[in-house]
Amino acid sequence: FFADLEQGSGETASALGASVALLGGGVLGLEGDIGYVPGFFERGDREIVVPGSFVTSLTGSVVLTLPLSVTRESLRPYLVAGGGLMRAEAKENLSLFPIRSTMPAVVLGGGAIGFLSDTVGVRFDLRYLRSLGQGDDFVLREGPRVRFWRGSVGLVLRY
């Protein structure tokens, strides 16, 4: 049972995040990613959930990409698959169904990275994140409960 009282999880929301990736010239790489979605359970036209709900994800992924010998420093597509943790918090006005849960999570996605110079580039991707297993509170006790798509565009700095 999951009480999304405002049905805010179905709404579009902005997210903040950062990633660190280790990509060589071959096809495999590694990535660490953190994302934060404020107001995840809130919906603008209702006032059931107290402002301050959020979902945070911390994941590590394997990156599968085309080798540099094929892309030649042009747009380099990639796929990611991994796992980590997802933290969800929300509270409604009466505090009957508070959510404070840390759950295992999986992530699947893909995108592309391209460089504008030797050190600066851009990246865009689309990822599906989903919680698994048991949460550690009354409301998110069993099964997959939090899932969403996250699209991103970001600045890339190469060292």
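Heads up: these notes are all about the structure in this document. Please read these numbers as outputs of a predicted model, since none were measured by experiment.

The subject of this paragraph is the nonpolar core. Residues Phe 40, Phe 41, Val 55, Met 86, Ala 88, Val 146 and Phe 148 are the most contacted members of the largest nonpolar core, which totals 14 residues. Broken down by secondary-structure element, the contributors of at least two residues to this core are strand E4 (76-90) and strand E5 (99-115). It is E5 that contributes the most residues to this core, 4 residues altogether. When neighbours within four sequence positions are excluded, Val 55 is seen to be in contact with Gly 35, Tyr 36, Val 37, Phe 40, Phe 41, Met 86, Arg 87, Ala 88, Val 146 and Phe 148. Grouped together as the second largest cluster of nonpolar side chains are 5 residues, Tyr 78, Val 80, Ile 113 and Val 156 included.

All right, on to a nonpolar patch on the surface then. On the surface, Leu 22, Val 27, Leu 28, Leu 30, Val 62, Leu 64 and Leu 79 cluster together to form a nonpolar patch covering roughly 680 Å² of accessible area. Breaking the nonpolar patch down by element, the ones donating at least two residues are strand E2 (28-38) and strand E3 (54-65). Of note, Leu 79 is situated in strand E4.

Further remarks concern the sheet that holds E4. Spatial strand order, E1-E2-E3-E4-E5-E6-E7: 7 strands in an open sheet with antiparallel pairing. For this open sheet the edge positions go to strand E1 (16-23) and strand E7 (147-157), each flanked by a neighbour on one side alone. When the angles between neighbouring strand axes are averaged without regard to direction, this sheet yields 20 degrees. As paired elements, strand E6 (residues 120-131) and E7 share 11 bridges and run antiparallel to each other. Opposite Val 120, over in E7, you have Leu 157 as the bridge partner.

Cut-offs applied
- Residues numbered from 1 in each chain as written.
- Predicted model: local features only at pLDDT ≥ 70, side-chain atom pairs only at ≥ 80, totals over all residues.
- Heavy atoms only, no water.
- Core = buried A, V, L, I, M, F, W, Y, C linked by side-chain atoms within 4.5 Å.
- Buried < 20%, exposed > 50% of the residue type's maximum accessible area, 1.4 Å probe, protein only.
- Helix = DSSP H or I, 4+ residues; strand = E, 2+ residues; numbered from the N terminus.
- Contact = heavy atoms within 4.5 Å.
- Patch = residues over 30% accessible without salt bridge, like charges linked within 9 Å, V, L, I, M, F, W, Y side chains within 5 Å.
- Areas by Shrake-Rupley, 256 points an atom, 1.4 Å probe, with all protein chains shown as cover.
- Salt bridge = Lys/Arg side-chain N within 4 Å of Asp/Glu carboxyl O.
- Pairing = 2+ DSSP bridges.
- Axes fitted to C-alpha atoms, helices over the stretch in contact; angles between N-to-C directions.

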